[in-house]
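Coordinate analysis (summary)
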Amino acid sequence: MAGLAPQHVRAQAAYPERPVRLIVPYAPGGSADIAARLVADEWAKALGQALVIENRAGAGGNIGVDFVAKAPADGYTIGLQTVSLAINPAIFGNMPFDTQKDLSPIGMVATSQHVLVVNPKLPAQNVKELIALAQARPGKLNYGSAGPGSTFHMAAELFKSLAKVDIAHVPYRGGGPALIDTMAGQVDMCFPVLSAAQQQVQAGKLRALGVTGPRRSPLMPDVPTIAEAGVPGYDFETWFMVFAPGGTPPAVIDKLNAALNRALGTPALSARMVKEGFDPQPSTPAQARERLQREMPLWARLVKERGITMN
């Protein structure tokens, strides 16, 4: 009997023995869903088991993340969430889970830029002209978001904070309606995910003034970053992280991470992700956790400064 390994050790060594559920806490078609579906096949090949994507939307992603947080910590239910994982604790007064204690980061998947777009009829050809226009008409210009606390919302509020402008917030139930109303001129501007706005910009239905990340995007190489266009220090990217329930055995986390990083290193997958506006970001579990812990207080400060609530 001395040569037999304990049952839990044997179980970890055999992991995964059945398909793994990957919970996306948003409806199909959004950036998180697209990121999950892009990576799932290659990740499954590297893992040796199927990854079954399940959408559980609601409460800014909290419903789906809470489902993962309360799942058995055996590696068979995991989740993918955006930077909202770091933002939501500052916005929601009563979180159903403790982000730091109830989740075990597996690794980063990718980052994705947003882009500041305006209706072509707005008399602002660049970021500096937009700032001047907003300063001349405080509170008169407006922007559409995908809802309170969304990445559209936070990208805009960071812009307002650094550019010192007053632009009214018009929340929508999703990014699509905000983008459509910007094209229609119902709102002046919005900050969609770059890939979602690319075709409309190329068709002249929207004017792109600046991308939100630290460098220009290959999808819009002629569009400057907002920082270089007139708002020094501006830097906003949506990131995508996968995680398991808190207490998941480190051996299981490491297997999931190793397989994910092998998938992200596949040239074909990397090329597909870049084409869709994602920048693959392989990492260790520790690096993913460090990013989450570093950004939570940064967003908490912005939320407090701007008086952002879910009301």
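Just so it is clear, the structure is predicted and the values come from calculations on it, not from any experiment. (Residues numbered from 1 in each chain as written. Predicted model: local features only at pLDDT ≥ 70, side-chain atom pairs only at ≥ 80, totals over all residues. Heavy atoms only, no water.)

So, about the nonpolar core. The biggest cluster of nonpolar side chains holds 51 residues, and the ones touching the most others in it are Leu116, Leu130, Met154, Phe159 and Tyr234. Split by domain, this core shows at least three residues from each of two domains, domain 1 (20-111 + 238-306) and domain 2 (115-229). Setting aside chain neighbours within four positions, we find Leu130 in contact with Leu116, Leu122, Ala124, Leu141, Phe159, Met189 and Leu209. Counting 34 residues, the second largest nonpolar core, distinct from the first, contains Ala36, Val39, Ala40 and Phe278. (Core = buried A, V, L, I, M, F, W, Y, C linked by side-chain atoms within 4.5 Å. Buried < 20%, exposed > 50% of the residue type's maximum accessible area, 1.4 Å probe, protein only. Domains from an automatic or database assignment. Contact = heavy atoms within 4.5 Å.)

With that settled, the discussion passes to unusual backbone geometry. Look at the link from Tyr15 to Pro16: it is a cis peptide, with omega at 0 degrees. If you trace the backbone, Pro16 turns up in the loop between helix H1 (7-14) and strand S1 (20-24). Here the phi dihedral of Ala59 falls at roughly 55 degrees; this positive angle occurs in a residue that is not glycine. Positionally, Ala59 belongs in the loop between strand S2 (51-55) and helix H3 (62-69). (Helix = DSSP H or I, 4+ residues; strand = E, 2+ residues; numbered from the N terminus.)

With domains assigned, the protein is organised as domain 1 (20-111 + 238-306) and domain 2 (115-229). Counting residues at the interface gives 16 residues for domain 1 and 13 residues for domain 2. Around 1000 Å² of area is buried between domain 1 and domain 2 when both sides are counted, 64% of it from carbon and sulfur atoms. Summed over the shared surface of domain 1 and domain 2, the result is one salt bridge. In this structure, Glu157 engages Arg306 in a salt bridge whose closest nitrogen and oxygen atoms are separated by 3.1 Å. Run the count over domain 1 and domain 2 and you get three residue pairs in polar contact (both at pLDDT 80 or more). Listing elements by their share of the side of domain 1 that touches domain 2, those giving two or more residues are helix H4 (84-91), helix H11 (267-275) and helix H12 (285-306). Top element by residues in the side of domain 1 that touches domain 2 is H12. It accounts for five residues. Class assignment of the residues belonging to the side of domain 1 that touches domain 2 gives a composition of seven nonpolar, four polar and five charged. (Buried area = accessible area lost by both parts, 1.4 Å probe. Salt bridge = Lys/Arg side-chain N within 4 Å of Asp/Glu carboxyl O. Polar contact = N/O pair within 3.5 Å; in protein donor to acceptor, adjacent residues only side chain to side chain. Nonpolar A, V, L, I, M, F, W, Y, C, P; charged D, E, K, R; others polar.)

This paragraph deals with the pattern of salt bridges. Scanning all chains against the criterion turns up 12 salt bridges. The salt bridge partner of Glu228 is Arg216, with a shortest N-O separation of 3.0 Å. Here Glu228, found in helix H9 (residues 226-229), pairs with Arg216, found in the loop between strand S9 (207-211) and H9; they are 12 residues apart in sequence, far enough to count as distant. Judged by relative accessible area, which is 48%, Glu228 ranks as partly exposed. Classification of Arg216 by relative accessible area gives partly exposed; the value is 39%. Here Arg306 makes a salt bridge to Glu305, at a shortest N to O gap of 3.7 Å.

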